[in-house]
Amino acid sequence: MAKILLIEDDQRIRELVCEHLASEGHSVSSEPTGMEGLQKATIDSPDLIVIDLGLPDLEGIDLLKMLRSVNDVPVLVLTAREEEDVVLAAFEGGADDYVVKPVSGPQLSARVNALLRRSDAGKNEKIVVGGLEILLGPRRASMNEVPLDLTTKEFDVLVYLASRTGTVVSKEELHSAVWKTPGGSEGRTIDVHISTLRKKLGEKADDEKGYLHTSIGAGVKLESPNG
Ligand code: CA
């Protein structure tokens, strides 16, 4: 059983979704506006949040960013909007999954359960590469026991690379794994994130003793300088 918060202004959908998820054994609460939802999310610490992007008081994307700034709870976006730029903006804003209404009960449950499984599995996991330590549950990373102050995406990039230590990961692969959209002309986004990550790790671009190694045209790999 998980504690789920639904933020949706359409009363009919709210009732349907609440009923359905409650029938699956989850404890579900709902709020009709972005501000009320945000407040509830802060007080209640739900295990998962389902949000509608078309809310009366707040742009869903802004709500998503506000939620992300307070915690890392999995967020499923449930919306009538299916335009590519809206979908991309939602993932960029921190959504973990996106589903277009109308959605069947079984599909909604499947998506909710998949997100919950992923976040549960990650709670106690730790990745260690040399002096780099990453705690997946609380989403904290440190280098030689000094905490790293990373953005959500920087953290995700670091996790992806660290879980493939010693392997060159292409920008396309990294982009589709972290931004959950296929990589095309987004190489620049990756470059920027790698560069800020490198600075935060205290390395220079051609640092032999560093953890991050970029191969022009191939991608980037992370490995311990001490082997
Ligand atoms: Ca709505």
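Just so it is clear, the structure is predicted and the values come from calculations on it, not from any experiment.

A few words on the coordination of the calcium ion. Binding of the calcium ion to the protein goes through Asp9 (OD), Asp52 (OD) and Gly54 (O), at separations of 2.2 to 2.4 Å. Binding-site remark: the calcium ion is held by donors from one chain whose sequence spacing is D-x42-D-x1-G. Here Asp9 is found in the loop between strand 1 (3-7) and helix 1 (11-23), whereas its partner Gly54 is found in the loop between strand 3 (48-51) and helix 3 (60-70), with 45 residues between them in sequence.

For strand 1, a buried count of 4 out of 5 residues is recorded, marking the element as mostly surrounded by other parts of the structure. Assessed by its sense of winding, the connection that carries the chain from strand 1 through helix 1 to strand 2 (residues 27-31) is right-handed. Of the pairings in the sheet, the one linking strand 1 to strand 3 comprises 4 bridges and is parallel in character. Bridge pairing links Ile4 to Leu48 in strand 3.

The next point concerns the sheet that holds strand 1. Within the open sheet, the 5 strands sit side by side as 2-1-3-4-5. Their pairing is parallel. The open sheet has two edge strands, strand 2 and strand 5 (97-100), and neither has a second partner. Taken pair by pair, the neighbouring strands of this sheet meet at an average axis angle of 20°, ignoring direction. As paired strands, strand 3 and strand 4 (residues 75-79) are joined by 3 bridges and run parallel to one another. Residue pairing for strand 4: Val50 is matched across the bridge by Leu76. In the packing of helix 1 onto the sheet, the strands contacted are strand 1, strand 2 and strand 4, and the crossing angle to strand 2 comes to about 165°. Of the strands in this sheet, strand 1, strand 2 and strand 3 touch helix 2 (residues 34-44), which is tilted by about 165° from strand 1.

The nonpolar side chains of a soluble globular protein tend to be buried with one another. Membership of the largest hydrophobic core comes to 28 residues, with the highest contact counts inside it found for Leu132, Ile134, Leu158, Leu161, Leu174 and Leu222. Secondary-structure elements contributing two or more residues to this core are strand 6 (126-129), strand 7 (132-135), strand 8 (140-143), helix 6 (152-162), helix 7 (171-178), helix 8 (187-200) and strand 11 (219-222). Counting residues per element, this core draws most heavily on helix 6, at 7 residues. Setting aside its immediate chain neighbours within four residues, Leu132 contacts Ile127, Ser142, Met143, Leu148, Leu158, Leu201, Tyr211 and Leu222. Listed in part, the 22 residues of the second largest apolar core include Ala41, Ile49, Ile51 and Val75.

Our next topic: the domain arrangement of the protein chain. Its domain assignment divides the protein chain into domain 1 (3-122) and domain 2 (126-222). Here the C-alpha centre of domain 2 lies 28 Å away from the C-alpha centre of domain 1. Facing 6 residues of domain 1, the contacting portion of domain 2 comprises 7 residues. Put simply, domain 1 and domain 2 have 0 salt bridges between them. There are 1 residue pair in polar contact (both at pLDDT 80 or more) connecting domain 1 and domain 2. With 3 residues, the top contributor of residues to the side of domain 1 that touches domain 2 is helix 4 (residues 84-92). Taken together, the residues that form the side of domain 1 that touches domain 2 break down as 2 nonpolar, 1 polar and 3 charged.

How each quantity is defined
- Residues numbered from 1 in each chain as written.
- Predicted model: local features only at pLDDT ≥ 70, side-chain atom pairs only at ≥ 80, totals over all residues.
- Heavy atoms only, no water.
- Donors = N, O, S within 2.8 Å, 3.2 Å for Na, K, Ca; no water.
- Helix = DSSP H or I, 4+ residues; strand = E, 2+ residues; numbered from the N terminus.
- Buried < 20%, exposed > 50% of the residue type's maximum accessible area, 1.4 Å probe, protein only.
- Right-handed = clockwise from strand over helix to strand, strands pointing away.
- Pairing = 2+ DSSP bridges.
- Axes fitted to C-alpha atoms, helices over the stretch in contact; angles between N-to-C directions.
- Contact = heavy atoms within 4.5 Å.
- Core = buried A, V, L, I, M, F, W, Y, C linked by side-chain atoms within 4.5 Å.
- Domains from an automatic or database assignment.
- Salt bridge = Lys/Arg side-chain N within 4 Å of Asp/Glu carboxyl O.
- Polar contact = N/O pair within 3.5 Å; in protein donor to acceptor, adjacent residues only side chain to side chain.
- Nonpolar A, V, L, I, M, F, W, Y, C, P; charged D, E, K, R; others polar.

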